[in-house]
Amino acid sequence: MSIAVNKKAHHDYFIEEKYEAGLVLEGWEVKSIRAGRAQIKEAYVLIRGGELWMIGMHITPLPTASTHISPDPTRTRKMLLHENEISKLIGKVERAGYALIPLDLHYTRGRIKAEIGLARGKKQHDKRESEKERDWQREKQQLLRDRTRNAA
């Protein structure tokens, strides 16, 4: 079940590989995410010290959050991935010029996970080409639908 989706990711990047990673969250963050108050549109993933960190994910604190803490909605959150996957990602990001982009937040067996994509940036003409292709697919489906209606 999806919680938050980064729709802009597929528009701005070519997604080559996808990985599922866990997140280190505080209690108030989990409650807020379960209430649907998470946004990953502006987020990105950095590699520091052999670890993955999600920066820019915004989790709006609930008004009923605990009184003895002061929640930081955009704090840097650690991501959990297997060591061999991290080393593979480090090699690709540093050598090949890829970026790590969060694609969505979802539940897996009751735990909150993030799907991150190994991505290459699109140029403006690539974005236009993708849009033309999407429009053509939509138009083709419309033509097929009209043809089957007229035949029946």
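The notes below deal with the structure included here. (Residues numbered from 1 in each chain as written. Predicted model: local features only at pLDDT ≥ 70, side-chain atom pairs only at ≥ 80, totals over all residues. Heavy atoms only, no water.)

Here we look at the overall build of the protein
For step 1, the next point in the chain: Along the backbone of the protein there are four helices and nine strands.
For step 2, the next point in the chain: In summary, the protein has a C-alpha radius of gyration of 19 Å against a globular reference of 15 Å for 152 residues, an excess of more than 25%.
For step 3, the next point in the chain: For the protein, the C-alpha atoms occupy an extent of roughly 65 × 45 × 30 Å along the three principal directions.
For step 4, the next point in the chain: When burial is assessed residue by residue, the protein has 30% of its 152 residues classed as buried.
For step 5, the next point in the chain: Once local pairs closer than 6 in sequence are excluded, the contacts in the protein between residues at least 24 apart make up 70%.
For step 6, the next point in the chain: In the form shown here, the protein has an accessible surface area of approximately 10000 Å², with 49% of it arising from carbon and sulfur atoms.
For step 7, the next point in the chain: In the protein, the 29 positive side-chain charges and the 21 negative ones have mean positions that sit 3 Å from each other. (Helix = DSSP H or I, 4+ residues; strand = E, 2+ residues; numbered from the N terminus. Rg over C-alpha atoms; globule rule 2.2 N^0.38 Å. Buried < 20%, exposed > 50% of the residue type's maximum accessible area, 1.4 Å probe, protein only. Contact = heavy atoms within 4.5 Å. Areas by Shrake-Rupley, 256 points an atom, 1.4 Å probe, with all protein chains shown as cover. Lys, Arg positive; Asp, Glu negative; His and termini not counted. Charge placed at Lys NZ, Arg CZ, Asp CG, Glu CD.)

Thoughts on the nonpolar core
For step 1, the next point in the chain: With 25 residues, the main nonpolar core has Leu-23, Leu-52, Met-57, Met-79, Leu-89 and Leu-105 as its most contacted residues.
For step 2, the next point in the chain: Only strand 2 (13–23), helix 2 (27–34), strand 5 (51–55), helix 3 (83–96), strand 8 (99–108) and strand 9 (111–121) provide two or more residues apiece to this core.
For step 3, the next point in the chain: Counting residues per element, this core draws most heavily on strand 9, at four residues.
For step 4, the next point in the chain: The contact partners of Met-79, leaving out residues within four places of it in the chain, are Ala-21, Gly-22, Leu-23, Val-45, Leu-52, Trp-53, Met-54, Ala-114 and Ile-116. (Core = buried A, V, L, I, M, F, W, Y, C linked by side-chain atoms within 4.5 Å.)

A short note on the pattern of salt bridges
For step 1, the next point in the chain: The full count for this structure, using the stated rule, is eight salt bridges.
For step 2, the next point in the chain: Close ionic contact of Arg-77 with Glu-29 constitutes a salt bridge, the shortest N to O distance being 2.9 Å. In this pair, Arg-77 is assigned in strand 7 (residues 77–80) and Glu-29 in helix 2, connecting sequence segments 48 residues apart.
For step 3, the next point in the chain: One connected set of salt bridges, linked through shared partners, spans Glu-26, Glu-29, Arg-75 and Arg-77. (Salt bridge = Lys/Arg side-chain N within 4 Å of Asp/Glu carboxyl O.)

Description of the environment of Met-1
For step 1, the next point in the chain: Assignment of secondary structure puts Met-1 in the segment before strand 1 (2–5).
For step 2, the next point in the chain: Relative accessible area serves as the criterion here: at 74%, Met-1 is assigned to the exposed category.
For step 3, the next point in the chain: The spatial distance from the C-alpha of Met-1 to the C-alpha of Glu-26 is 21 Å, given a sequence separation of 25 residues.
For step 4, the next point in the chain: Aside from chain neighbours lying at most four places away, what touches Met-1 is Leu-105, His-106 and Tyr-107.

Examining the pairing of strand 7
As a general feature of sheets, a regular strand has side chains that alternate between the two faces.
For step 1, the next point in the chain: Residues of strand 7 alternate between two faces, with Arg-77 and Met-79 buried on one and Lys-78 and Leu-80 left unburied on the opposite face.
For step 2, the next point in the chain: Where strand 2 and strand 7 come together, two bridges link them in antiparallel fashion. By the bridge assignment for strand 7, Gly-22 is matched with Leu-80.
For step 3, the next point in the chain: In this structure, strand 5 lies alongside strand 7, joined through three bridges in antiparallel fashion. From the neighbouring strand, Met-54 faces strand 7, where its bridge partner is Arg-77. (Pairing = 2+ DSSP bridges.)

Remarks on unusual backbone geometry
For residues other than glycine, phi is negative in most cases, and the peptide bonds are mostly trans.
For step 1, the next point in the chain: The phi angle at Arg-109 is positive, at roughly 50 degrees, despite the residue not being glycine.
For step 2, the next point in the chain: With respect to the helices and strands, the residue Arg-109 is situated in the loop between strand 8 and strand 9.
For step 3, the next point in the chain: We classify Arg-109 as exposed; its relative accessible area is 81%.

So, the side chain of Arg-77
For step 1, the next point in the chain: For Arg-77, a relative accessible area of 0% puts it in the buried group.
For step 2, the next point in the chain: There is a polar contact of 2.9 Å between the side chain of Arg-77 and the side chain of Glu-29.
For step 3, the next point in the chain: In this structure, Arg-77 is in contact with Val-24, Leu-25, Glu-29, Leu-52, Trp-53, Met-54, Met-57, Ile-59 and Asp-72, ignoring residues within four places of it in sequence. (Polar contact = N/O pair within 3.5 Å; in protein donor to acceptor, adjacent residues only side chain to side chain.)

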